[in-house]
Amino acid sequence: MTISPKTLYNLLVDNFGYQYWWPIDEYYHQKQKSDPRFEIIVGAILTQNTAWVNVEKALDNLKKHKVLSINAIVHINEEKLKIMIQSSGFFNQKTQRLKLFATYLHKKYQDDFQKFFSRDLTEIRHELLSLQGIGPETADSILLYAGNHPTFVVDVYTKRICKRVPFQVLSDSYDDIKYFFENELQHTILKKELVTVYKELHALLVKLAKNNCLKKKPECLSCPLTKLCEKSL
DNA sequence: CTCCCGTTCT
DNA sequence: AGAACAGGAG
């Protein structure tokens, strides 16, 4: 007995509702000065190995000081940047990573996100992965949430849930899990809906992991998957 | 496998 | 005060 990603998606939407992470359109309607795509990229780098609440504080600091743009990050003094993002932890490396990525976008794409994102998904992904400080999860988050490219994000929560819930996934490697979800969903979801489903499913898995599928003390009684889960207590 | 770091929970 | 949390590089 196994569960399909589509079944999982439907169950999670029914129980938790849509999560609406990074709704880009809303930002444009609010006529924000800074490009939401850059905020998403900065958020993706800052949230590496750290809780989102601490990233939000850093993001608020950057907004308050008007440095949430490629140009501002390229030119800001490193020590000042470290202080602004301090709450997100690992600020020495993250300062380097933000500087490096912003400089890259500035030099090679003239701060033009359209130019950067309007290419083949795999091409952009390889390019992101070649940058210091951008691994698979960060690359896929940027591609999906900032670039609206259909690529599925795998994180520790996804891996944990895959170990407990009976999916037909081969191993617990990043790529195996990613391609398992993508292959399954590509055949059952309309192409037009794929990006939205990838965005929502990742957010819903995070929700499930925090709400029920906790590392130490899972809340299996109230879990939407309790009947289908092999490890259910 | 260790280092990088702050915040929150226990 | 100590543990838990959470990606990528070397």
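Quick look at the structure, then.

What counts, and at which threshold
- Residues numbered from 1 in each chain as written.
- Chains lettered and ligands numbered in written order.
- Predicted model: local features only at pLDDT ≥ 70, side-chain atom pairs only at ≥ 80, totals over all residues.
- Heavy atoms only, no water.
- Salt bridge = Lys/Arg side-chain N within 4 Å of Asp/Glu carboxyl O.
- Helix = DSSP H or I, 4+ residues; strand = E, 2+ residues; numbered from the N terminus.
- Buried < 20%, exposed > 50% of the residue type's maximum accessible area, 1.4 Å probe, protein only.
- Near = heavy atom within 4 Å.
- Polar contact = N/O pair within 3.5 Å; in protein donor to acceptor, adjacent residues only side chain to side chain.
- Nonpolar A, V, L, I, M, F, W, Y, C, P; charged D, E, K, R; others polar.
- Axes fitted to C-alpha atoms, helices over the stretch in contact; angles between N-to-C directions.
- Parallel < 35°, antiparallel > 145°, perpendicular 65-115°, else oblique.
- Contact = heavy atoms within 4.5 Å.
- Disulfide = S-S within 2.5 Å.
- Phe/Tyr/Trp six-rings, centres within 6.5 Å; stacked < 30°, edge-to-face > 60°.
- Expected span 1.5 Å × (residues − 1).
- Arc of directions from axis to C-beta.

Take the pattern of salt bridges next. One pass over the full model with this rule turns up 9 salt bridges. We note a salt bridge from D172 to K163, for which the minimum N-O separation is 3.6 Å. Several salt bridges share partner residues, and in doing so they unite R125, D140, K178 and E182 into one network.

This brings us to the environment of Q114. Mapping Q114 onto the fold places it in helix α8 (residues 113–117). Residue classification places Q114 among the partly exposed residues on the basis of a relative accessible area of 47%. C-alpha separation for the pair Q114 and G147, spaced 33 residues apart in sequence, amounts to 8.7 Å.

Take the protein's contact with DNA strand B next. Taken together, N54, K57, Q86, S87, G89, F90, F91, N92 and Q93 make up the full set of residues near DNA strand B. When atoms of DNA strand B within 4 Å of the protein are split into backbone and base, the sugar-phosphate part holds 62%. Contact between DNA strand B and F90: a sugar or linking oxygen at 3.4 Å from a main-chain N or O atom of the residue. Taking Q93, its side chain carries an N or O atom lying 2.5 Å from a base oxygen of DNA strand B. By residue number, the principal contributor to the surface near DNA strand B is helix α7 (residues 91–109), which donates 3 residues. Of the residues assigned to the surface near DNA strand B, the class counts are 2 nonpolar, 6 polar and 1 charged.

This brings us to the packing of helix α1 (residues 5–16) against helix α12 (residues 174–188). Where α1 meets α12, the closest approach of the two axes is 9 Å, and the angle between their N-to-C directions is 80°. Compared by their axis directions, α1 and α12 come out roughly perpendicular. Where α1 approaches α12, its residues P5, K6 and L8 are matched on the opposing element by F180, F181, E184, L185 and T188. Considering only residue class, the contact of α1 with α12 consists of 5 nonpolar, 1 polar and 2 charged.

In this section: the state of the cysteines. One pass over the structure, following the stated rule, counts 0 disulfides. Its sulfur unpaired, C162 is 9.9 Å from the next cysteine sulfur, which belongs to C213. C162 sits in the buried class, given a relative accessible area of 11%. The thiol of C223 is not disulfide-bonded; the next cysteine sulfur, from C220, is found 6.4 Å away.

What follows deals with the packing of aromatic side chains. Under the defined criterion, the tally for this structure stands at 14 aromatic pairs. Both rings, one in Y18 and one in Y20, keep their centres 6.0 Å apart while their planes meet at 45°; by these two values the pair is tilted. Residue Y18 is classed as partly exposed on the basis of its relative accessible area of 44%. Here the aromatic rings of F113 and F117 are separated by 6.5 Å at their centres, their planes lie at 15°, and the arrangement is stacked. Pair noted here: F113 and F117 are both in helix α8, with a separation of 4 residues, about one helical turn. On the accessibility criterion, F117 (6% relative accessible area) is buried.

Next up on the list: α1. Between its first and last C-alpha atoms α1 spans 16 Å; for 12 residues at 1.5 Å apiece the expected length is 16 Å, and the two agree. Every buried residue of α1 is accounted for by P5, L8, Y9, L12, V13 and F16. The arc enclosing the buried residues of α1, seen along the axis, measures out at 125°, which places them on a common side. Lining the buried residues of α1 we find α12 and α13 (194–211). Of the residues one or two after α1, G17 is the one with positive phi, at around 75°.

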